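Listed here are the chains, written in short residue letters.
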Amino acid sequence: MAILRKLNAEWALRLSLGAMYLYSGIDIVRHPAAWTWAVRDLPQFLQRIIADEFGINKFLYFQGMLEIAIAAMFLLWFVPKFVVKYVGLLSAIEMALIVLLVGIDAVTFRDIGLIGPGLALFLML
């Protein structure tokens, strides 16, 4: 229970967002074919840009590596707070864009729920 006394709101938000981004980032890098649905759910013009400019697998690999980097910013204790603040904002914007661009589906509740922690970190730091 001593560890719970040391855990504050900032670290609860950072740990939960960091774990989420680490999990999804590693899974995207390891199994890009399992994530092609995310690109197929985007508007047609974005699908064409991604396919023509990058290729879906390269885009997903880049997305996975970006999510691993975001996870590191949340999880590493020595990252300056101003960096965590803006990574929180980036996280909230990413989740809002997913809701706006992918649309409402069975997991929209998750994406909406992830906007709050990123925005909270931005506002509190």
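A. Representation of the environment of Tyr-21. Topologically, Tyr-21 is positioned in helix α2 (residues 9-30). When residues no more than four places from it in sequence are discounted, the contact partners of Tyr-21 are Glu-67, Ile-68, Ile-70, Ala-71, Phe-74, Ser-91, Glu-94 and Met-95. Among the polar contacts made by the side chain of Tyr-21, one reaches the side chain of Glu-94 at a distance of 2.8 Å.

B. Looking closely at a nonpolar patch on the surface. On the surface, a nonpolar cluster with roughly 370 Å² of combined accessible area is contributed by Ile-93, Leu-97, Leu-100 and Leu-101. Its place among the elements puts Leu-101 in helix α6 (residues 81-102). By relative accessible area, which is 32% here, Leu-101 ends up partly exposed.

C. Structural context of the nonpolar core. In this structure, Leu-13, Leu-17, Tyr-21, Ile-70, Ala-71, Phe-74, Val-79, Val-84, Val-87, Met-95, Leu-114 and Leu-121 together form the largest nonpolar core, which totals twelve residues. Elements supplying a minimum of two residues to this core: α2, α5 (56-75), α6 and α7 (108-124). Not counting residues up to four positions away in its chain, the partners in contact with Leu-114 are Leu-17, Met-20 and Met-95. Ile-28, Val-39, Leu-42 and Leu-60 belong to the second-largest nonpolar core, a separate cluster that totals five residues.

D. Geometry of α6. Given a rise of 1.5 Å per residue, 22 residues ought to cover 32 Å, and the 31 Å separating the end C-alpha atoms of α6 matches this to within 8%. Of the residues flanking the end of α6, it is Gly-103, one or two places downstream, whose phi is positive at about 95°.

E. Spotlight on the packing of aromatic side chains. Per the stated rule, a full pass over the model turns up five aromatic pairs. A ring pair is formed by Phe-54 and Phe-59, whose centres lie 6.4 Å apart and whose planes are at 45°; its orientation type is tilted. Stacked on the ring of Trp-11, the Lys or Arg Arg-14 has its end atom at 4.0 Å from the ring centre. Its end group placed over the ring of Phe-122, Lys-85 keeps NZ or CZ at 4.7 Å from the ring centre.

F. Representation of the environment of Ile-112. Mapped onto the fold, Ile-112 is located in helix α7. A residue is classified by how much of its surface remains accessible, and Ile-112, at 48% relative accessible area, is partly exposed. In sequence terms Ile-112 and Ile-98 are 14 residues apart; their C-alpha atoms lie 9.2 Å from each other.

G. Focus on the side chain of Ser-24. Within the fold, Ser-24 resides in helix α2. Overall, Ser-24 belongs to the buried group, its relative accessible area being 8%. Excluding its chain neighbours within four sequence positions, the residues that come into contact with Ser-24 are Trp-35 and Glu-67.

Definitions and cut-offs
- All chains use their own residue numbering, which begins from 1 and follows the written sequence.
- Only residues with pLDDT of at least 70 are given local features in this predicted model, and only at 80 or more are side-chain atom pairs given and counted; all residues enter the totals for whole chains, interfaces and linings.
- Computation of side-chain values: all heavy atoms of the structure, hydrogens and water removed.
- Secondary structure counts use DSSP, requiring at least four H or I residues in a row for a helix and at least two E residues in a row for a strand, with both numbered from the N terminus.
- Any two residues whose heavy atoms approach within 4.5 Å at even a single point are treated as in contact.
- N or O atoms closer than or at 3.5 Å make up a polar contact, with two conditions inside protein: a donor-capable atom paired with an acceptor-capable one, and, for residues adjacent in sequence, both atoms drawn from side chains.
- Patches here: salt-bridge-free residues with over 30% relative accessible area, like charges joined within 9 Å, nonpolar side chains (Val, Leu, Ile, Met, Phe, Trp, Tyr) joined within 5 Å.
- Only the protein chains shown count as cover for residues, and the accessible areas themselves come from Shrake-Rupley with a 1.4 Å probe.
- By definition, a salt bridge exists where a carboxyl oxygen of Asp or Glu is found within 4 Å of a side-chain nitrogen of Lys or Arg.
- For every residue, the accessible area obtained with a 1.4 Å probe (protein chains only) is divided by the maximum for its type, and the residue is called buried under 20%, exposed over 50%, and partly exposed between those limits.
- Nonpolar cores are built from buried Ala, Val, Leu, Ile, Met, Phe, Trp, Tyr and Cys residues. Side-chain atoms within 4.5 Å join them into one set.
- One less than the number of residues in a helix, times 1.5 Å, gives the span that helix is expected to have.
- The aromatic pairing rule takes the rings of Phe, Tyr and Trp, using the six-membered ring of Trp, and pairs them if the centres are within 6.5 Å, calling planes under 30 degrees apart stacked, those over 60 edge-to-face and the rest tilted.
- Over a ring means this: the NZ of a Lys or the CZ of an Arg is within 6 Å of the ring centre and within 35 degrees of the ring normal.

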